[in-house]
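Chain by chain, the residues run as shown.
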Amino acid sequence: MTMGEATTGRELRRSLTLITLSGCLCMIFVTGVSSPLQTEFFREIGAREIHFGLLGAVPLVMMFMNFAGAALVNRVKRRKPWFIAMVVGSRLLLLPVAFLPWWFPGWGPGLLVGVIVVLFSVSNLLAQLSPPLWYSWMADLIPTRMLNRYWGQRQFFLQFTWVLGLLVTGLFIWRSPLPVLRAYPLLATIGVTAGVVDILLFIWVEEPANRMLPELPVLTMLLAPWRHEQYRSYLRFVCIWTFCLMLTASFILLYVLKVLAVPLWQTTLIWCLGGIANAFAARVWG
């Protein structure tokens, strides 16, 4: 019997409901802070192509912190406090990004974007430490017999919330008289608020005991996925796919807005199409 199967039915149902609700709030957070409006906001404050390259590279570089997070999972008895503190801190750091032009109107584009890059870096560092804590927690909590079914259903709700968030954002941009420098801080505040509430919901999610192997060498633990033949082929696919995707991803929104000159509200609507496809495929893929 897994740790998840040892959790009582009522506790498990409550936890799964909270995890799904928190995921929907996370989609509102993502929409609020990283919709096409964010790209237009950076253009307004004077960001150039080099800055967009840096802002796109920071999350990818910080993904190496997943290794540190994996090592941390094997060293802490309780994952919940670490996860909550890291992610809440990460999300709160994104609020100053939206308000810096208001707080320091005299700063030039170079200094302004430079500080934003630093804030993004620290935020992403904290954010990328947390996934191993969360995934190992969920693996212990959710019984194997229902893991794929639950994950597919949860993903379905998450993707449709994301699509709805982008549709509302597009409508807001289309109808709102607010300039970009005022509209983005408003949406970012809504997004960060939803993102913090999302994480605080995990206070009431059950946390099974963390099964640690502290005597296991860190290098052995980190290399374990590559030693599994079937998982190794999956890792190769993910690495190649991610490289090809992210080679242009940092600039695609800038290209659509600046080169193709697609209106901001239309770009926002276009961006939701991927979410619709993902929502319909979620229950199949799990």
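Residues numbered from 1 in each chain as written. Predicted model: local features only at pLDDT ≥ 70, side-chain atom pairs only at ≥ 80, totals over all residues. Heavy atoms only, no water.

## Concerning the overall build of the chain
Here's step 1: For the chain, the helix and strand inventory stands at 15 helices and zero strands.
Here's step 2: The C-alpha atoms of the chain give 20 Å as radius of gyration, which agrees with the globular expectation for 286 residues (19 Å, within 12%).
Here's step 3: Projecting the C-alpha coordinates of the chain onto the three principal axes gives extents of approximately 60 × 35 × 35 Å.
Here's step 4: A burial count over the chain gives 45% of its 286 residues as buried.
Here's step 5: Considering only contacts in the chain between residues 6 or more positions apart, those separated by 24 or more positions represent 86%.
Here's step 6: A total of about 15400 Å² of accessible surface is found on the chain, and carbon and sulfur atoms cover 70% of it.
Here's step 7: For the chain, the centre of its 22 positive side-chain charges and the centre of its 11 negative side-chain charges are spaced 2 Å apart. (Helix = DSSP H or I, 4+ residues; strand = E, 2+ residues; numbered from the N terminus. Rg over C-alpha atoms; globule rule 2.2 N^0.38 Å. Buried < 20%, exposed > 50% of the residue type's maximum accessible area, 1.4 Å probe, protein only. Contact = heavy atoms within 4.5 Å. Areas by Shrake-Rupley, 256 points an atom, 1.4 Å probe, with all protein chains shown as cover. Lys, Arg positive; Asp, Glu negative; His and termini not counted. Charge placed at Lys NZ, Arg CZ, Asp CG, Glu CD.)

## Brief notes about the packing of aromatic side chains
Here's step 1: In the structure shown here, the tally under the stated rule is 19 aromatic pairs.
Here's step 2: One aromatic cluster in this structure is built from Phe83, Trp134, Tyr135, Trp137, Tyr150, Trp151 and Phe202.
Here's step 3: If you follow arginine 154 out to its NZ or CZ, it ends over the ring of tryptophan 151, 5.4 Å from the centre. (Phe/Tyr/Trp six-rings, centres within 6.5 Å; stacked < 30°, edge-to-face > 60°. Lys NZ or Arg CZ within 6 Å of the ring centre and 35° of its normal.)

## Observations concerning the packing of helix 2 (residues 9-34) against helix 10 (residues 147-175)
Here's step 1: Interhelical geometry of helix 2 versus helix 10 gives an angle of 30° and a closest axis separation of 8 Å. Between helix 2 and helix 10, the angle falls in the class roughly parallel. Seen from above, helix 2 lies across helix 10 with right-handed handedness. Facing helix 2, whose interface residues are Leu16, Ile19, Thr20, Ser22, Gly23, Cys24, Met27, Ile28, Val30 and Thr31, helix 10 presents Tyr150, Arg154, Phe157, Leu158, Thr161, Trp162, Gly165, Leu166 and Thr169. (Axes fitted to C-alpha atoms, helices over the stretch in contact; angles between N-to-C directions. Parallel < 35°, antiparallel > 145°, perpendicular 65-115°, else oblique. Left-handed = near helix turned anticlockwise from the far one by under 90°.)

## Here's the deal with the side chain of threonine 169
Here's step 1: With respect to the helices and strands, threonine 169 occurs in helix 10.
Here's step 2: What threonine 169 contacts, discounting residues up to four positions off in sequence, is Thr31, Ser35, Leu187 and Thr268.

## Re the environment of alanine 98
Here's step 1: For alanine 98, the location among the structural elements is in helix 7 (residues 94-103).
Here's step 2: According to the relative accessible area criterion, alanine 98 is buried, its value standing at 0%.
Here's step 3: For the pair alanine 98 and phenylalanine 41, spaced 57 residues apart in the sequence, the C-alpha separation amounts to 8.5 Å.
Here's step 4: Aside from chain neighbours lying at most four places away, what touches alanine 98 is Phe41, Tyr184, Pro185 and Ala188.

## What about the nonpolar core?
Here's step 1: Ranked by internal contacts, the top residues of the largest apolar core, which has 60 residues, are Ile19, Phe42, Phe83 and Phe202.
Here's step 2: Looking at which element gives the most residues to this core, the answer is helix 11 (residues 180-200), with nine residues.
Here's step 3: Each residue touching phenylalanine 202, except ones within four places of it in the same chain, is listed here: Ile19, Ser22, Lys80, Phe83, Ile84, Trp134, Trp137 and Met138.
Here's step 4: Of all hydrophobic cores here, the second largest spans eight residues; its members include Cys24, Val163, Leu166 and Cys272. (Core = buried A, V, L, I, M, F, W, Y, C linked by side-chain atoms within 4.5 Å.)

## Observations regarding the confidence of the model for the chain
Here's step 1: Residues of the chain with pLDDT of at least 70 account for 97%, and the chain-wide mean is 89.
Here's step 2: Averaged over each element, pLDDT in the chain is lowest for helix 1 (residues 3-6) (46) and highest for helix 6 (residues 80-92) (97).
Here's step 3: Across residues 1-6, where pLDDT falls below 50, the model places 13 contacts with residues more than four positions away in sequence or in other chains. (pLDDT = per-residue confidence, 0-100.)

## Observations regarding the packing of helix 5 (residues 65-73) against helix 9 (residues 131-141)
Here's step 1: Interaxial distance between helix 5 and helix 9 falls to 7 Å at its minimum, and their mutual angle equals 45°. As summarised for this structure, helix 5 and helix 9 are arranged oblique, according to the angle between their axes. Contacts from Asn66, Gly69, Ala70, Leu72 and Val73 in helix 5 reach Pro131, Pro132, Leu133 and Ser136 in helix 9.
Here's step 2: Counted by class, the contact of helix 5 with helix 9 contains six nonpolar, three polar and no charged residues. (Nonpolar A, V, L, I, M, F, W, Y, C, P; charged D, E, K, R; others polar.)

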